[in-house]
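As a plain string of letters, each chain reads:
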Amino acid sequence: MKVVIESPYSGDIKANEAYARKCLKDSLDRGESPLAFHLLYTQVLDDNKPEERQLGIQTSFEWHKDADLLAVYFDNGITTGMEWAISIAKSNNVRIEYRRLKG
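Residues numbered from 1 in each chain as written. Predicted model: local features only at pLDDT ≥ 70, side-chain atom pairs only at ≥ 80, totals over all residues. Heavy atoms only, no water.

(A) Representation of the overall build of the protein. Helix and strand counts for the protein stand at 4 helices and 4 strands. Ordered by position from N to C terminus, the α and β elements of the protein give β-α-β-α-α-β-α-β. The C-alpha radius of gyration of the protein comes to 13 Å, within 12% of the 13 Å expected for a compact globule of 103 residues. Projected onto the principal axes, the alpha-carbon positions of the protein cover approximately 35 × 30 × 20 Å. Counting across all 103 residues of the protein, residues that qualify as buried make up 39%. (Helix = DSSP H or I, 4+ residues; strand = E, 2+ residues; numbered from the N terminus. Rg over C-alpha atoms; globule rule 2.2 N^0.38 Å. Buried < 20%, exposed > 50% of the residue type's maximum accessible area, 1.4 Å probe, protein only.)

Written as structure tokens, this is what we have:
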């Protein structure tokens, strides 16, 4: 199953990147084929530059259309960017699953 991972990125970026990697592992352990665009695109785009952040978000949403599932990991809250992804998933009739890693 093709899964797009949503988890927080902004704020404490180091901690949020570590959390996103755990989310990817959790998805892999479920037998899924996950992608976390906020980990991938920020390697080549500067999230602090509004135009590059926008480019990353918009291009990731093209992939969202083909996903089987949007997995929203919300242990650390749901950011504005995550809310936007949830809205896009709903408009594309992509199933959404809310997940926690912590007990």
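(B) Representation of the pairing of strand E4 (residues 95-99). In terms of strand pairing, strand E3 (residues 69-73) meets E4 through 5 bridges, oriented parallel. Looking across to E4, one finds that leucine 69 is bridged to arginine 95. Of the crossover connections in this fold, the one passing from E3 over helix H4 (residues 80-91) to the parallel E4 is right-handed. (Pairing = 2+ DSSP bridges. Right-handed = clockwise from strand over helix to strand, strands pointing away.)

(C) Representation of the packing of helix H3 (residues 50-64) against H4. One way to put it is that H3 packs onto H4 with a least axis distance of 10 Å and a crossing angle of 30°. Compared by their axis directions, H3 and H4 come out roughly parallel. Viewed along their axes, H3 and H4 form a crossing whose handedness is right-handed. Residues Arg53, Gln54, Ile57, Gln58, Phe61 and His64 of H3 pack against Gly81, Trp84, Ala85 and Ile88 of H4. (Axes fitted to C-alpha atoms, helices over the stretch in contact; angles between N-to-C directions. Parallel < 35°, antiparallel > 145°, perpendicular 65-115°, else oblique. Left-handed = near helix turned anticlockwise from the far one by under 90°. Contact = heavy atoms within 4.5 Å.)

(D) Just the pattern of salt bridges, in detail. According to the stated counting rule, one finds 8 salt bridges in the structure shown. Here arginine 99 and glutamate 32 are joined by a salt bridge, their closest N and O atoms 2.6 Å apart. Pair noted here: arginine 99 is in strand E4 and glutamate 32 is in the loop between helix H1 (13-29) and strand E2 (33-35), with a separation of 67 residues, a long-range link. Comparing arginine 99 with glutamate 32 shows no difference in burial state: the two are buried. A salt bridge links arginine 53 to aspartate 47, with the shortest nitrogen-to-oxygen separation between them at 3.2 Å. Arginine 53 sits in the partly exposed class, given a relative accessible area of 32%. Relative accessible area serves as the criterion here: at 23%, aspartate 47 is assigned to the partly exposed category. Sharing partners across several salt bridges, the network here consists of Asp26, Arg30, Glu32, Arg95, Glu97 and Arg99. (Salt bridge = Lys/Arg side-chain N within 4 Å of Asp/Glu carboxyl O.)

Take it as geometry only, folks, not as evidence of what the structure does.
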